[in-house]
Amino acid sequence: MSFKIAIIGAGSVGFTRTLFTDLMMVPEFHNIEVAFTDINQHNLDMVTTLCQRDLDENGVPIKINATLDRREAFKDAKYIINCVRIGMLEAFEMDVEIPLRYGVDQCVGDTLCAGGIMYGQRGVAAILDFCKDIREVAAPGAIMLNYANPNAMMTWAANKYGGVKTLGLCHGVQGGHRQMANALGVPQDELDIICAGINHQTWYIQAKYKGEDMLPKLLPAYLADEKLCKTEKVRLDILKNFGYYSTESNGHLSEYVAWYRKREDEVKDWIDLDSSWINGETGGYLRVCREGRNWFEYDYPNWLREPANDYNDTSKRSTEHGSWIIEALETGRRYRGHFNVMNEGCITNLPYESVVEVPGYVDGNGISIPKVGDLPLGCAAICSQSIWVQKLAVEAAVNADIGLLRQAMLMDPLTGAVCNPAEIYQMVDEMLIAEAQWLPQYAEEIERAKERQKNGPAIPHKDYKGVRVKEKSVEEMENNKAEARKNAAEADKAKKRT
């Protein structure tokens, strides 16, 4: 087979090497054309060197074209895989730390809440630029597989305004599926699930084992598990109150709703710091991303000396959807997964114009999305509130509309529960100014924000630091090199680390 794949944001070792290895485990793909592109030459060089060495040691004749020129990478590409983090860890820190000054405590801050909304302002502007280049230089009908967060906002903007068919991909469904199977004591590949909702707020509306409905057994199984009772307090409370289990982790889910992180003295009651950041630690994902990046830089010479990834060991192929989708489209082998797509009536009690995460089937005939119908009413209510925040945020980013941006913050469940309008207005100004270099569409509004910040009465910041775990230095990570390497290499940083 001969076609071209381009990976943008290829300096991300976790995503790029994982996804590229998955692709190379498809024998028919050993003659395709590959381009990596990034804005950081150093990161791009490191990841390209690793992946090219894997290719060479597996006897695959592909030569990766690594370039800072995005249009060169996209030229004639049939598939574009988007793994970018606009603003990198510098902006990510602002997404977490500035809202914390106003009492908005986020575990991640990359999907909803104040951090996710601002991340969307940066990401939407960038993805529309990507789409313009794809339309102009990529192969006709090129498909973008979007892994970048906030996934729903980015996928929404690319499909509605970018003119590029875009599928949003995430590993949340697979992670929850694995956990549920373990809790129920059944093999994961025999637990048949259907999920539906929106990215990071998707619901297991079906779980069957040998034809038996396992949903009624979920809560008893989790309550009987001493560890899960401790680490999944938010998810279990949602399950008790709404009747369905959510795909997303304890920490992520806690920042999408109004109830668990709005009172500083109660945050610790809903999280667990003993086993993993994903259980709710303030800024937990930012911490492990920084640790992973620092370790990769430090340990990189050792990565070059270790054995290459073995493309023949297909047992190590990841559950990330990207390679399986491309394989299905190109070879006709059928693949079933859960994808983020424009709703357009798939979930009938969510807005027609929204991005939903639902089951999909892929084969040589293309991507097929079956109609789900109505979500359970309570689940639909939770998703609907988030969808309106997403819509406000997307339209704000596209039109550089600070009024819509403020409204998105006001309507966000956790941000609105913690902050009054005056605090939100000031926080928005502060974030726009701090992140100005990644927000070109807001240039005029940022100048107005600077004037307001200079002349207006300032609302004092709160002296609140959240519930944190100390970030490890590379010297401290030396004590457990295997764990540090897993963290740096893994695309899904919520996976069990031991």
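All chains use their own residue numbering, which begins from 1 and follows the written sequence. Per-residue local features of the predicted model are confined to residues with pLDDT of at least 70, and side-chain atom pairs are confined, for both listing and counting, to 80 or more; whole-chain, interface and lining totals are unaffected and use all residues. The side-chain figures draw on all heavy atoms in the structure; neither hydrogens nor water molecules are used.

## Overview of the layout of surface pockets
Going by this rule: Cavities and pockets are found on a 1 Å grid laid over the protein atoms alone: a cavity is a set of points where a 1.4 Å probe fits but cannot escape, a pocket is an open set with protein on both sides within 12 Å along at least five of seven lines, and a lining residue has an atom within 4 Å of such a point. Grid points are joined across faces, edges and corners, and a volume is the space filled by probe spheres set on the points. Numbering goes from the N terminus for both helices and strands, where a helix is a DSSP run of H or I of at least four residues and a strand is a run of E of at least two. Gly is placed with the polar residues, together with every amino acid not listed as nonpolar (Ala, Val, Leu, Ile, Met, Phe, Trp, Tyr, Cys and Pro) or charged (Asp, Glu, Lys and Arg).
Reported here for the second largest pocket is a volume of approximately 850 Å³. Lining the second largest pocket are 25 residues, with T18, N309, K316, A489 and E490 positioned closest to its centre. Here the element with the most residues in the lining of the second largest pocket is helix 1 (residues 13-24); it accounts for five residues. Its residues assigned to classes, the lining of the second largest pocket shows seven nonpolar, six polar and 12 charged.

## A look at helix 4 (residues 88-100)
Heads up, the condition is: One fewer than the residue count of a helix, multiplied by 1.5 Å, yields its expected span. Burial classes follow relative accessibility: with a 1.4 Å probe on protein chains only, a residue under 20% of its type's maximum area counts as buried, one over 50% as exposed, and anything between as partly exposed. Note on contacts: a residue pair is in contact if any heavy atoms of the two residues lie within 4.5 Å.
Helix length check: helix 4 (13 residues) gives 19 Å between terminal C-alpha atoms against 18 Å at 1.5 Å per residue, within 8%. When we look at burial in helix 4, the residues that qualify are A91, F92, M94, D95, V96, I98, P99 and L100. Against helix 5 (113-137), helix 12 (284-305) and helix 17 (421-434) lie the buried residues of helix 4.

## With respect to the pairing of strand 8 (residues 201-209)
The cut-off we apply is this: Any two strands between which DSSP finds at least two bridges are classified as paired.
Looking at chain direction, strand 7 (residues 191-198) and strand 8 are connected through eight bridges and run antiparallel. Note that in strand 8 the partner of L191 across the bridge is Y209. In this structure, the hairpin formed by strand 7 and strand 8 is closed by a connection of two residues, where H200 is found at a positive phi of approximately 70°. Judged from the two bridges that link them, strand 8 and strand 9 (residues 212-213) form a sheet pairing that is antiparallel. In the strand pairing of strand 9, K208 is matched with D213. Between strand 8 and strand 9, which pair antiparallel one after the other, the connecting turn spans two residues, and K210 there sits at a positive phi close to 50°.

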